[in-house]
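Single-letter residue listing:
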Amino acid sequence: MKHYLFLALALVAATAQAQDRPVAVRGGTVIPITGEPIQNGVLVVHNGKILAVGGANTAIPRNATIIDATGKFVMPGLVDTHSHVGNGDGGDGSAAQHPDVRIADAINPRSDTFNKARAGGITTVNVMPGSGHLLSGQTVYLKLRGDATRIEDLLINRTFDGIYGGIKMANGTNSLRASGGTFPNTRGRSAAMQRQLFLRAQEYQRKIREAGDDASKRPARDLQMEAMVEVLEGKRIVHYHTHTHYDILTVLRLREEFGFRVVLHHVSDAWAVADEIAAAGVPSSIIHIDSPGGKLETIHLTPENGAALERAGADFAYHTDDGITDSRLFLRSAAFGVRAGVSRAKALEAMTLAGARMLDMADRVGSLEPGKDADFIILSGDPLSVYTHVEQTWVEGVKVFDRANPEQRPYATGGLNAFDDAVLHVACEH
Amino acid sequence: MKQYLNRIWMTAGLIALATVAVQAQTYAVRGEIVYTMDGEPIRDGVVLVKDGKIERVGAYGRVRIPDGYEVTSAKVVTPGFIDAHSVVGLAGYLNQPHDQDQLDRSSAFQPELRALDAYNAREELVVFLREHGVTTLHTGHGPGALASGQTMLVKTTGETVNEALVDSVWGVAFTLGRSVSGNYTNPGSRSRAMAMLRTEFLKAQEYAKKENPARDLRMEIMGDVLAGRVKAVFTVHGATEIQSALRLQREFGFDLVLDGASEAHLVIDEIKAARVPVIVHPTMIRPGGEAANATMEMAAILHRNGIPFAFQSGFEGYVPKTRVVQFEAGVAAANGLPVAAALRALTLGGAELLGIADRVGSLRAGKDADIALFDGDPLEYTTHTVGVMINGRWVSTATR
């Protein structure tokens, strides 16, 4: 596989050079998400950004490299709001809450699992620590650029400065431990511990405020509290794993009390409390799984969750929770949503722009609009068809997956040594 | 044992027939396209059903619908789908200790465990599969033990196992590979596993030679395997394990069915030469662990090589608690398997592999009236199953 990697890097380098020239994808059906699909559409990108999107007579720069997409579909790169690609980890067994722990410090930027995601058309991903803790750590938002050798190469702004992820919290049974100790073994204890953490953060925030510009009065730096203050200030979004209808309402109650911004994740019983979710104006990141069950708190999970949320007027996006579902087949989620009653437009938005909103990245990704990042995919056919393949995936104007490339094709199909370092996270996630 | 069960099945059948006599059940199922699997698909076709069996199949107009036949129409009509290997009914959807009977951990070698003693005919997942159009299941003890127990064939109908049974003992579920040593301390290695297995087959050979031996449930079923009366279903993934299964088969001459076989592409010529069928791993199997080298093109590879194969839902320790065979077949069709071959493997191909093509797998006069109705291409994500008939009775009219 290593010589493949070398070849792939060489190819990527060649493509990157080609980006000095604009690229125009024309002839296909362009789905901008923010508008109606455009037959025989044109997408022009240059220097990593989208220059133009429009119909057949859209101006194409003379020096542009032309990609003929006749008969194909072109849409924004997919946004996966919840994944475990990258071979990261998270908080350890020493405590139930780890706001100081960054999964970004543990991810392997060369992981083959990123190739799975690229082969599935995913260009932006929220990589999360697991749900076995009340708060397992800071998540990281990644752009799946193809030349990554350091985690910085994948961070949204290529730097640890500023906000580059959210924070993962959980309630329900995954974070309970029968032995207790530093972990809760009831739901009541779980909520009490989370509230106590928020109260500590409010206290820390108050001290900082009161200190004002006087550095001598500021409290000592505290990595846990710094992250939690970002949460209280609404800069860092809480990605909250929750399943049952009563656990979902507990999240809404905590949000009401402390005013943080939250995305509900999995939300198996969303159909039962869709109106409450909509009234709170809280978005949901949901999953499609092919059959019910697996554990007690998910037995009422239904493919109709998306339709119930759409009807109630609540925003939602899909996620893979990879390895729970396979990044390569992420588009299935939208199709099964439509099968269960979601509108086609919303289903496609739930794969792209809705997810971007949930990561505070809607100004950069999730739709094909001039000025946005040139993250797009070329599909062999309708995005909701089982027979459709992701043919090409582009991130910031650079092609990072090409099914026609024999070295990269196995990232989509599998086969001998296609995924050298793939690790299953099945037991501890979802 | 089998005879005894057949008797129960016949009794159930007689009761069913008695009911039928009181209330004749005659239906006409009309489809814009009818995939009979018995010749070319019929445009605007009709399937007549009488007393649980298919009475006649043909184009509308050429086949007259007799008076009194209740007519149901759909876009697409197919034979009920066959899930060629499952643990549904033994492994329940709650995934709690009380509904997980697919693997007994007291010993790695227990071929005497019968599937029917643990099958829950009312399990949610049985209902779930039925409503999606899966009408026949090969189910039973799961992978993960040297021999976990027996497997059987059922229809996804009935409130008891007796009502569901097609064949009470179809095979014994063997597994080779690292998962066995993960579940048991003995065998602790793959080579130890092979030594244990060979020893058991040798013992069974000796037992079979004895006149009037003391009854031994384990030796009796192993004798059935040796004699080819029941299949040896070997769940294997690595090429090494596939070759080990083929080697064992050559040594002991049993009727081998390869299951999973995610590295079959590495030893395809050997499988072809051995003329053994393959119950292919779910197309969407996670590419990790023993299945790290799985390819979504496996069904296409088997098809290209003329190796008989069928689709399975398989076994997942967590989610999805069951897979749905037409979803797996759809992804296979997107990865090189011709659509017609995918539909055939879901129906007649599965029936042939399981040896029940005289009863199910195609829409042909005289066969069981197991029929699935769809509002579009059955392999497509956005298509719904809109009706399911088993043994000539509507068992679902839900939209799924």
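Residues numbered from 1 in each chain as written. Chains lettered and ligands numbered in written order. Predicted model: local features only at pLDDT ≥ 70, side-chain atom pairs only at ≥ 80, totals over all residues. Heavy atoms only, no water.

### Describing the overall build of chain B
So, point 1. Check the secondary structure of chain B and you find 12 helices and 15 strands.
So, point 2. For 400 residues, the compact-globule formula gives about 21 Å, and the C-alpha radius of gyration of chain B, at 21 Å, lands near that figure.
So, point 3. By its C-alpha atoms, chain B is 65 × 45 × 40 Å across when sized along the principal axes.
So, point 4. Counting only residues that meet the buried cut, chain B has 61% of its 400 residues in that class.
So, point 5. In chain B, of all internal contacts separated by at least 6 residues, the share reaching a separation of at least 24 is 65%.
So, point 6. For chain B, the exposed surface amounts to about 15400 Å²; the carbon and sulfur share of it is 48%.
So, point 7. Looking at charge distribution, chain B has the averaged site of its 40 positive side-chain charges lying 3 Å from that of its 44 negative ones. (Helix = DSSP H or I, 4+ residues; strand = E, 2+ residues; numbered from the N terminus. Rg over C-alpha atoms; globule rule 2.2 N^0.38 Å. Buried < 20%, exposed > 50% of the residue type's maximum accessible area, 1.4 Å probe, protein only. Contact = heavy atoms within 4.5 Å. Areas by Shrake-Rupley, 256 points an atom, 1.4 Å probe, with all protein chains shown as cover. Lys, Arg positive; Asp, Glu negative; His and termini not counted. Charge placed at Lys NZ, Arg CZ, Asp CG, Glu CD.)

### Remarks on helix H3 (residues 187-211) of chain A
Residue and element names in this part refer to chain A.
So, point 1. Helix length check: H3 (25 residues) gives 37 Å between terminal C-alpha atoms against 36 Å at 1.5 Å per residue, within 8%.
So, point 2. Listed in full, the buried residues belonging to H3 are Ser190, Ala191, Met193, Gln194, Leu197, Phe198, Ala201, Tyr204, Gln205 and Ala211.
So, point 3. In this structure Thr186 caps H3, since a side-chain oxygen of it lies 3.1 Å from the backbone nitrogen of Arg189.
So, point 4. Immediately downstream of H3, the backbone of Gly212 shows phi near 55°, a positive value. (Expected span 1.5 Å × (residues − 1). Polar contact = N/O pair within 3.5 Å; in protein donor to acceptor, adjacent residues only side chain to side chain.)

### Looking at the confidence of the model for chain A
Residue and element names in this part refer to chain A.
So, point 1. With 93% of its residues at a pLDDT of at least 70, chain A reaches an overall mean of 94.
So, point 2. Counted against residues more than four places away or in other chains, residues 1-14, with its pLDDT under 50, gives 15 contacts.
So, point 3. Segment residues 423-429: pLDDT under 50, and 18 contacts once partners within four positions in sequence are set aside and those in other chains are kept. (pLDDT = per-residue confidence, 0-100.)

### Quick notes on the sheet that holds strand E6 (residues 78-83) of chain A
Residue and element names in this part refer to chain A.
So, point 1. Judged by pairing direction, the sheet is mixed, and its 3 strands sit side by side in the order E6-E7-E9 without closing on themselves. Two strands bound the open sheet, and with one partner strand each, they are E6 and strand E9 (140-143). Ignoring which end each strand starts from, the neighbouring axes of this sheet average 20° apart.
So, point 2. With 4 bridges connecting them, E6 and strand E7 (residues 122-127) associate as parallel partners. Paired with Val79 across the two strands is Thr124, which belongs to E7. (Pairing = 2+ DSSP bridges. Axes fitted to C-alpha atoms, helices over the stretch in contact; angles between N-to-C directions.)

### Let's talk about the confidence of the model for chain B
Residue and element names in this part refer to chain B.
So, point 1. In the predicted model, chain B carries a mean pLDDT of 95, and 94% of its residues have values of at least 70.
So, point 2. Note that residues 1-11 has pLDDT below 50 and, in this model, 15 contacts with residues that lie over four places away or in other chains.
So, point 3. Below a pLDDT of 50 lies the segment residues 17-22, which in the model reaches 3 contacts outside its immediate sequence neighbourhood of four places, other chains included.

### Here we look at the nonpolar core
So, point 1. Counting residues in hydrophobic clusters, the biggest one holds 191 residues, and the most contacted among them are A:Leu142, B:Tyr119, B:Phe174, B:Phe234, B:Ile271 and B:Phe311.
So, point 2. By residue number, the principal contributor to this core is helix H5 (residues 190-209) of chain B, which donates 7 residues.
So, point 3. In this structure B:Ile271 touches B:Ile242, B:Leu246, B:Leu258, B:Ala264, B:Val276, B:Val278 and B:Ile307, once residues within four positions along its chain are discounted. (Core = buried A, V, L, I, M, F, W, Y, C linked by side-chain atoms within 4.5 Å.)

### Topic: helix H4 (residues 223-232) of chain A
Residues and elements named next belong to chain A.
So, point 1. Counting buried positions over the 10 residues of H4 gives 7, a clear majority of the element.
So, point 2. Taken together, the buried positions of H4 are occupied by Gln224, Met225, Ala227, Met228, Val229, Val231 and Leu232.
So, point 3. Against the buried residues of H4 lie strand E8 (135-138), strand E10 (167-170), H3, strand E11 (238-242) and helix H5 (245-258).
So, point 4. Taking the backbone nitrogen of Gln224 as reference, a side-chain oxygen 2.9 Å away marks Asp222 as the first, capping residue of H4.
So, point 5. The positive-phi residue at the C-terminal boundary of H4 is Gly234, with phi of around 80°.

### Describing the side chain of B:Thr235
All names here are of chain B.
So, point 1. In this structure, Thr235 sits in strand E9 (residues 231-236).
So, point 2. A distance of 2.7 Å separates polar atoms of two side chains, one belonging to Thr235 and the other to Asp259.
So, point 3. With sequence-adjacent residues up to four places away left out, Thr235 is seen in contact with His85, Pro143, Phe174, Thr175, Leu176 and Asp259.

### Some thoughts on the interface of chain A and chain B
So, point 1. Each partner contributes residues to the interface: chain A has 39 residues there, and chain B has 41 residues.
So, point 2. Contact between chain A and chain B buries roughly 3600 Å² in total, counting both sides, with carbon and sulfur atoms accounting for 59%.
So, point 3. Three residues, A:Arg339, A:Val386 and A:Tyr387, lead the burial of chain A against chain B; their summed loss comes to 22% of the area buried on that side.
So, point 4. The salt bridge partner of B:Glu297 is A:Arg409, with a shortest N-O separation of 2.9 Å.
So, point 5. For the interface between chain A and chain B, the tally reads 20 residue pairs in polar contact (both at pLDDT 80 or more). (Buried area = accessible area lost by both parts, 1.4 Å probe. Salt bridge = Lys/Arg side-chain N within 4 Å of Asp/Glu carboxyl O.)

### Considering the environment of B:Leu217
Residues and elements named next belong to chain B.
So, point 1. With respect to the secondary-structure elements, Leu217 resides in helix H6 (residues 217-226).
So, point 2. A residue is classified by how much of its surface remains accessible, and Leu217, at 57% relative accessible area, is exposed.
So, point 3. Distance in space between the C-alpha atoms of Leu217 and His237 is 29 Å, their sequence separation being 20 residues.

### Quick notes on the packing of H5(B) against H6(B)
All names here are of chain B.
So, point 1. Packing of H5 against H6 leaves a shortest axis separation of 9 Å and a crossing angle of 90°. In terms of their interaxial angle, H5 and H6 are classed as roughly perpendicular. Here H5 contributes Glu200, Phe201, Lys203, Ala204, Gln205 and Tyr207 to the contact with H6, which in turn contributes Arg218, Met219, Glu220, Met222, Gly223, Val225 and Leu226.
So, point 2. Tallied by class, the residues present in the contact of H5 with H6 amount to 7 nonpolar, 2 polar and 4 charged. (Parallel < 35°, antiparallel > 145°, perpendicular 65-115°, else oblique. Nonpolar A, V, L, I, M, F, W, Y, C, P; charged D, E, K, R; others polar.)

### Focus on the domain arrangement of chain A
Residues and elements named next belong to chain A.
So, point 1. You can read the domains of chain A as domain 1 (1-76 + 366-412) and domain 2 (78-365).
So, point 2. A separation of 28 Å is found between the C-alpha centroids of domain 1 and domain 2.
So, point 3. Summed over both partners, the interface of domain 1 with domain 2 buries about 2500 Å², with 64% contributed by carbon and sulfur atoms.
So, point 4. It is Gly366, Leu384 and Tyr411 that lose the most area in domain 1 upon contact with domain 2, and together they represent 24% of the buried surface on that side. (Domains from an automatic or database assignment.)

### Some words on the sheet that holds strand E7 (residues 147-155) of chain B
All names here are of chain B.
So, point 1. Overall, mixed pairing links the 8 strands, which are arranged E5-E6-E7-E8-E9-E10-E11-E12 in an open sheet. With partners counted over all chains shown, the strands left at the sheet margins are strand E5 (81-86) and strand E12 (309-311), one partner each. On average, adjacent strands in this sheet sit at an angle of 25° to one another, irrespective of strand direction.
So, point 2. Contacting E7, strand E8 (165-175) and E9, H6 runs over the sheet at an angle of about 90° to E8.
So, point 3. Here helix H11 (residues 339-346) sits on the sheet in contact with E5 and E12, set at roughly 80° to E12.

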